[in-house]
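Single-letter residue listing:
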Amino acid sequence: MSNAVQPRNSYLDAPYGVAAWLLTKDHKRIAILYLISITLFFAVGGMFAAGIRMELLTPRGDLWTPDLYNKLFTLHGVVMVFFFLIPSIPAVLGNFLMPIMCGAKDLAFPRINLLSWYIYLLGATVTLAAVFNGGLDTGWTFYTPYSSVSSQTSVTTAAVGVFITGFSSILTGLNFIVTVHRMRAPGLTWFRLPLFVWAIYATSLVMILGTPVIAITVLLVGAERALHLGFFDPARGGDPVLFQHLFWFYSHPAVYIMILPGMGVISELVAAMSRKQVFGYSFVAFSSLAIAILGFLVWGHHLFVSSQSIYAGLVFSIISMLVAIPSAVKTFNWTATMYKGSVSWESPTWWVVGFMGLFTIGGLTGLFLATIGLDIHLTDTYFVVAHFHYIMVGGAIMAYMGGLHFWWPKMTGKLYSEGAAKTSAVLVFVGFNLTFFPQFLLGYMGMPRRYQAYPDEFQVLNVLSSAGAGVLFLGYVLPAFYLTYSIFKGAQSPANPWGATGLEWTIASPPPTFNFDEEVIVTEPAYNYKPTREVHVG
Amino acid sequence: MANPHEHALPAAGLTHTPGHDAAHAHEHNPNLQHHFYSMEQQLEASTLGMWVFLVTEIMFFGGMFMVYIVYRIAYPEAWVHGSNHLKVSLGALNTGVLICSSLTMALAVRAAQIGSRRGQVLNLLLTIVLGTVFLVVKYFEYAEKFELHLVPGPDFNSTGVIPLANDPTHQQLFFSIYFMLTGVHAAHMIVGIVLMMVILVMAMRGRFDSSYYTPVEISGLYWHFVDIVWIFLFPLLYLLGAHLGAHGG
Amino acid sequence: MSSAHVTPVRTYVLVFLALLVLTGVTYLVALQDFGWMNTPIAMGVALLKAGLVVMIFMGLRYNTPLTKVVAIAGLFWLLILFGLTLNDYLTRGWLGVPGR
């Protein structure tokens, strides 16, 4: 199975030229296009974060004006959520791997796939126009009536930008759903699919059912601002809480769009790095669907203090507790998979272990917030900020990095420096905890979020947090160097450097344009690890 | 969720397309895209894809219906009074027009299925005409609202056409959601008409026949959906106060 | 496409006429006041009309079970949005907590 020779006609080589890339219908090329775009936006969002953490080194609001500070945290949120986290794993790893994992030559609708990337770019351009033309200071949550009536910033433009970008998400999800249903190879039954496919499928359901609601909601906000239609303005009989209901109907499931793919990646990495079938495969598969569905029933936990009825709060609180269960199932099953597995400690494993610890903390602190009594004290404090960063960064981004490293040899045909990768994983883990653990304490002690200034006694923890951010920055910048370096100077990767199971490892690294030379017929379950399998490590 | 291949597990390497007697790998329909193995799979996937898209449209309009519902429950009288400013006759006319257009659309798809170029062209043309009639009527309705100062904004009710007793503040809410709902619907109609023009040109060039009519089918699905939205908008916006007999006509 | 179903023109025309009749019914019923039943009746008729368009004009009747599940899921999710939001608005004051 080892193939040390770079195939001459991989998807990277032919056809040549910029036009061939910009007009490609190949899902693998589109994945690379997305990779470049979202990395750029990760840097932009990170820049805004740097601005925030620099200000918070001192208790006074002395670095930026209050208005600028509002814009910094708003844009950090908007860019990271809509232009990095939501597309990341689905648009990069999903686009690259889904057809291959289904044994297909491409997604169901290749041209729509390309369209989704252009729509993403258009939405990003419009949003950047808002950034440079007055910015946005409403918080990424756009609460009315400030956003729809009073704010002097480019809310309407930003709303249009987010509206457009939503369609990129919708088209991606649509493509994945139809592909999984209609394009699986012969013999590839649902329960032989890799768990990554289940996770992306569940994510796609959320994208389809939730994104349109935020689309119409931001459109309503834009219409309120630009056309003087009144929907959420109390002065005209409107209800701001209605905005919150509509906004969170999508934005809560959106967090599952951000974490479910990560969980799918972890399932793949855990199986490969432990050389073992995932424990409780069907439980893990169904848990993805359960998270996707239950995730739509809990949005009111963002409205506990909004004047929402207590009865509704009770209902949302109970269901929010329930939604933790499928996530716990996954975590137990991954642990059980690694237990007595033949665990190899190559770099992807380091990202996996980081994920498991940080996601657990993030998930458990969600339960604190789901408890109404506690939430009254913790809401809008740094406790919430820490909670969602543990999941989004400690969870989702670590999973993304792990996946990027695991599939890098497949995508590029090159091997990267293991030492550098492990260093990066450690820097990210240490930097992350240093940045965000103090924030749990700060929030518990009452420091509100989105505040530029704070009482003196909070300074030590804030300084630790900002220092951690510096380390985190190093951890993220390092891969930009060694991964890029590997493209030019890295060793050639064999078809299966990790000795893993999965259709993607049966084809060349990098794959040919149409993925498979012969028709694929699947006869084995996923993760069919046998003790005598040969392992080639780069 | 049946995988079309499941009942006929082929020997290694052989492509097997169910439902066809003699279709082999080298006899591809020129309209078959390379990543599909049969025209049937292509049509099924496209139809499924369009239905998934329509689900997103359901949720998209759904957000506006949610706003309508919440405020109607809160301000029922303002809703009735607001509705009375709308002309039922025009709403009913438009409903009839769209229902006709759904018929012609269905007939256009059928014509493509049986390979009748004349049937396709005639019915697509009728669909476009009817859709345009709808938009023209809408234009006149909107124009009248502007004349009566019933458009939300600083100018709303500046001529006092709504007496204070009839809750102009919340009627402004009604008109906001009226314009939003019908405006977004009209935007969808415009997209639909442009889409139909493209399909019409393709049909005139003989692009579609019984083996390939996917674009007509899925455009038709979109068109019918836009009709269905109007089927709900008509009673919800126009008929609230009909039993009170005080309608604008 | 041997498996695709071609609906007869007669069926389409009958459905068309039914839709026109039902529109008339919608209007005539709206002229009467059935109190709280006004909305359910109007929505019921609208659902019937929508159902005819979906099943016959859109051909859902002849599509795969999966396509039908997709359509129903869309409707169901809309009901989740309506239901859980109204679960807030309609229950304010139920638990006797001031202001909630």
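Residues numbered from 1 in each chain as written. Chains lettered and ligands numbered in written order. Predicted model: local features only at pLDDT ≥ 70, side-chain atom pairs only at ≥ 80, totals over all residues. Heavy atoms only, no water.

**Considering the overall build of chain C**
Item 1. From N to C terminus, chain C includes 3 helices and 0 strands.
Item 2. Along chain C, helices and strands appear, N-terminal first, in the series α-α-α.
Item 3. Taken over the C-alpha trace, chain C has a radius of gyration of 19 Å; the compact-globule value for 100 residues is 13 Å, which it surpasses by more than 25%.
Item 4. Considered along the principal axes of its C-alpha atoms, chain C spans approximately 65 × 40 × 10 Å.
Item 5. Counting over 100 residues, chain C shows a buried share of 41%.
Item 6. Within chain C, contacts between residues separated by at least 24 positions form 55% of all contacts whose residues are at least 6 apart in sequence.
Item 7. Entry remark: accessible area of chain C is about 5,300 Å², with carbon and sulfur atoms responsible for 74%. (Helix = DSSP H or I, 4+ residues; strand = E, 2+ residues; numbered from the N terminus. Rg over C-alpha atoms; globule rule 2.2 N^0.38 Å. Buried < 20%, exposed > 50% of the residue type's maximum accessible area, 1.4 Å probe, protein only. Contact = heavy atoms within 4.5 Å. Areas by Shrake-Rupley, 256 points an atom, 1.4 Å probe, with all protein chains shown as cover.)

**What about the overall build of chain A?**
Item 1. Summing up its helical and strand segments, chain A has 16 helices and 2 strands in all.
Item 2. Taken over the C-alpha trace, chain A has a radius of gyration of 23 Å; the compact-globule value for 538 residues is 24 Å, and the two agree within 12%.
Item 3. The buried share of chain A, taken over its 538 residues, is 64%.
Item 4. Excluding contacts between residues fewer than 6 apart, the proportion of contacts in chain A whose partners are at least 24 apart in sequence is 83%.
Item 5. For chain A, the accessible area works out to roughly 18,400 Å², and carbon and sulfur atoms hold 71% of it.
Item 6. Across chain A, the centroid of the 26 positively charged side chains sits 9 Å from that of the 23 negatively charged ones. (Lys, Arg positive; Asp, Glu negative; His and termini not counted. Charge placed at Lys NZ, Arg CZ, Asp CG, Glu CD.)

**Examining the pattern of salt bridges**
Side chains that differ in charge, positive against negative, can pair when their charged atoms come close.
Item 1. If you walk through the whole model with that rule in mind, you get 9 salt bridges over all chains.
Item 2. A salt bridge links Arg236(A) to Asp233(A); its shortest N-O distance comes to 3.4 Å.
Item 3. The partner of Asp88(C) in a salt bridge is Arg92(C), with the nearest N and O atoms 2.9 Å apart.
Item 4. Salt bridges sharing partners connect three or more residues here, namely Lys87(B), Glu144(B) and Lys145(B). (Salt bridge = Lys/Arg side-chain N within 4 Å of Asp/Glu carboxyl O.)

**Topic: the interface of chain B and chain A**
Item 1. Taken together, the 46 residues of chain B in the interface contact 48 residues of chain A.
Item 2. Taking both partners together, chain B and chain A bury about 3,800 Å²; carbon and sulfur atoms supply 72% of that area.
Item 3. Put simply, Arg182(A) and Glu44(B) hold a salt bridge, and the shortest N to O gap is 3.3 Å.
Item 4. For the pair chain B and chain A, the number of links is 7 residue pairs in polar contact (both at pLDDT 80 or more).
Item 5. Sorting the residues of the side of chain B that touches chain A by element identifies helix H1 (39-74) and helix H5 (168-204) of chain B as the ones contributing at least two each.
Item 6. Broken down by class, the residue content of the side of chain B that touches chain A amounts to 27 nonpolar, 17 polar and 2 charged. (Buried area = accessible area lost by both parts, 1.4 Å probe. Polar contact = N/O pair within 3.5 Å; in protein donor to acceptor, adjacent residues only side chain to side chain. Nonpolar A, V, L, I, M, F, W, Y, C, P; charged D, E, K, R; others polar.)

**Quick notes on unusual backbone geometry**
All names here are of chain A.
Item 1. With an omega of -5°, the peptide bond between Ala-14 and Pro-15 qualifies as cis.
Item 2. You can see Pro-15 is positioned in the segment before helix H1 (18-22).
Item 3. Cis geometry is adopted by the peptide bond preceding Pro-510, which originates at Ser-509 and carries an omega value of -10°.
Item 4. Within the secondary structure layout, Pro-510 lies in the segment after strand E2 (491-492).
Item 5. Of note, Arg-275 is a non-glycine position whose phi angle comes to about 50°, a positive value.
Item 6. By secondary structure assignment, the location of Arg-275 is in the loop between helix H9 (240-274) and helix H10 (281-294).

**Focus on the interface of chain C and chain B**
Item 1. With 50 residues of chain C at the contact, the number on the chain B side is 51 residues.
Item 2. Around 4,100 Å² of area is buried between chain C and chain B when both sides are counted, 81% of it from carbon and sulfur atoms.
Item 3. Remark: the boundary between chain C and chain B carries 0 salt bridges.
Item 4. Inspection of the region where chain C meets chain B yields 4 residue pairs in polar contact (both at pLDDT 80 or more).
Item 5. The biggest single contributor to the side of chain C that touches chain B is helix H3 (residues 65-89) of chain C, with 13 residues.
Item 6. When grouped by side-chain class, the residues that make up the side of chain C that touches chain B number 34 nonpolar, 14 polar and 2 charged.

**Notes on helix H7 (residues 155-182) of chain A**
Item 1. With 28 residues, H7(A) extends 41 Å between its outermost C-alpha atoms, agreeing within 8% with the 40 Å of an ideal straight helix rising 1.5 Å per residue.
Item 2. For H7(A), a buried count of 24 out of 28 residues is recorded, marking the element as mostly surrounded by other parts of the structure. (Expected span 1.5 Å × (residues − 1).)

**Remarks on the side chain of Thr138(A)**
All names here are of chain A.
Item 1. Tracing the backbone shows Thr-138 in the loop between helix H5 (110-132) and helix H6 (146-150).
Item 2. Accessibility expressed as a relative area gives 9% for Thr-138, which makes it buried.
Item 3. Excluding residues that lie within four positions of it along the chain, Thr-138 makes contacts with Thr-74, Tyr-143, Tyr-146, Ser-147, Ser-151 and Val-155.

**Side note on the nonpolar core**
Residue and element names in this part refer to chain A.
Item 1. Within the largest apolar cluster, 298 residues are counted, with the highest numbers of intra-cluster contacts made by Phe-82, Phe-355, Tyr-400 and Trp-407.
Item 2. With 22 residues, the top contributor of residues to this core is H9.
Item 3. With sequence-adjacent residues up to four places away left out, Tyr-400 is seen in contact with Leu-35, Ile-38, Phe-84, Ser-88, Ile-89, Val-92 and Leu-93. (Core = buried A, V, L, I, M, F, W, Y, C linked by side-chain atoms within 4.5 Å.)

**Observations concerning H1(B)**
Residues and elements named next belong to chain B.
Item 1. The terminal C-alpha atoms of H1, which comprises 36 residues, lie 52 Å apart, in line with the 52 Å expected from a rise of 1.5 Å per residue.
Item 2. Gly-63 marks the point of greatest bend in H1, at about 25°.
Item 3. A large share of H1 lies buried, amounting to 32 of its 36 residues. (Bend = angle between axes of the 7 residues up to and from the residue.)

**Structural notes on the packing of aromatic side chains**
Item 1. The tally for this structure, following the rule as stated, stands at 63 aromatic pairs over all chains.
Item 2. Look at Phe249(A) and Phe296(A): their rings are 5.6 Å apart centre to centre, the planes differ by 50°, and that puts the pair in the tilted class. Taken together, the positions of Phe249(A) in helix H9 and Phe296(A) in the loop between H10 and helix H11 (310-338) put the pair 47 residues apart, joining distant regions of the chain. In this structure, Phe249(A) and Phe296(A) share a single accessibility class: buried.
Item 3. Measuring from ring centre to ring centre gives 5.2 Å for Tyr178(B) and Phe179(B), while their planes differ by 75°; the resulting arrangement is edge-to-face. (Phe/Tyr/Trp six-rings, centres within 6.5 Å; stacked < 30°, edge-to-face > 60°.)

**So, the packing of helix H14 (residues 382-412) of chain A against helix H15 (residues 418-444) of chain A**
All names here are of chain A.
Item 1. As a packed pair, H14 and H15 sit with axes 8 Å apart at the nearest point and diverge in direction by 170°. Between H14 and H15, the angle falls in the class roughly antiparallel.
Item 2. Broken down by class, the residue content of the contact of H14 with H15 amounts to 17 nonpolar, 7 polar and no charged. (Axes fitted to C-alpha atoms, helices over the stretch in contact; angles between N-to-C directions. Parallel < 35°, antiparallel > 145°, perpendicular 65-115°, else oblique.)

**With respect to a nonpolar patch on the surface**
Residue and element names in this part refer to chain A.
Item 1. A surface patch of nonpolar side chains, about 530 Å² in accessible area, is lined by Trp-345, Trp-350, Val-353, Val-426, Phe-429 and Val-430.
Item 2. A total of 3 residues in the nonpolar patch trace back to one element, the largest contributor, which is H15.
Item 3. Relative to the helices and strands, Phe-429 resides in helix H15.
Item 4. The class for Phe-429 is partly exposed, based on a relative accessible area of 35%. (Patch = residues over 30% accessible without salt bridge, like charges linked within 9 Å, V, L, I, M, F, W, Y side chains within 5 Å.)

**Remarks on the side chain of Arg225(A)**
Residues and elements named next belong to chain A.
Item 1. Position of Arg-225 among the secondary structure elements: in helix H8 (residues 195-227).
Item 2. No salt bridge is formed by the buried Arg-225, whose closest oppositely charged neighbour, Asp-137, lies at an N-O distance of 7.4 Å.
Item 3. Within polar-contact distance, the side chain of Arg-225 engages the backbone oxygen of Ser-147 at 2.9 Å.
Item 4. Those residues in contact with Arg-225 that lie beyond four places of it in its chain are Tyr-146, Ser-147, Ser-148, Val-149, Ser-151, Gln-152, Thr-153, Val-155 and Thr-156.

**What about the confidence of the model for chain C?**
Item 1. Summarising the model, chain C shows a mean pLDDT of 92, and 96% of its residues fall at 70 or more.
Item 2. If you check the scores for this complex, the pTM reads 0.94 and the ipTM reads 0.94. (pLDDT = per-residue confidence, 0-100.)

**A closer look at the environment of Met356(A)**
All names here are of chain A.
Item 1. Along the chain, Met-356 falls in helix H12 (residues 347-370).
Item 2. Linking Met-356 and Thr-24, residues 332 residues apart in sequence, is a C-alpha distance of 37 Å.
Item 3. If we skip the residues at most four places from it in the chain, Met-356 touches Trp-334, Thr-335 and Met-338.

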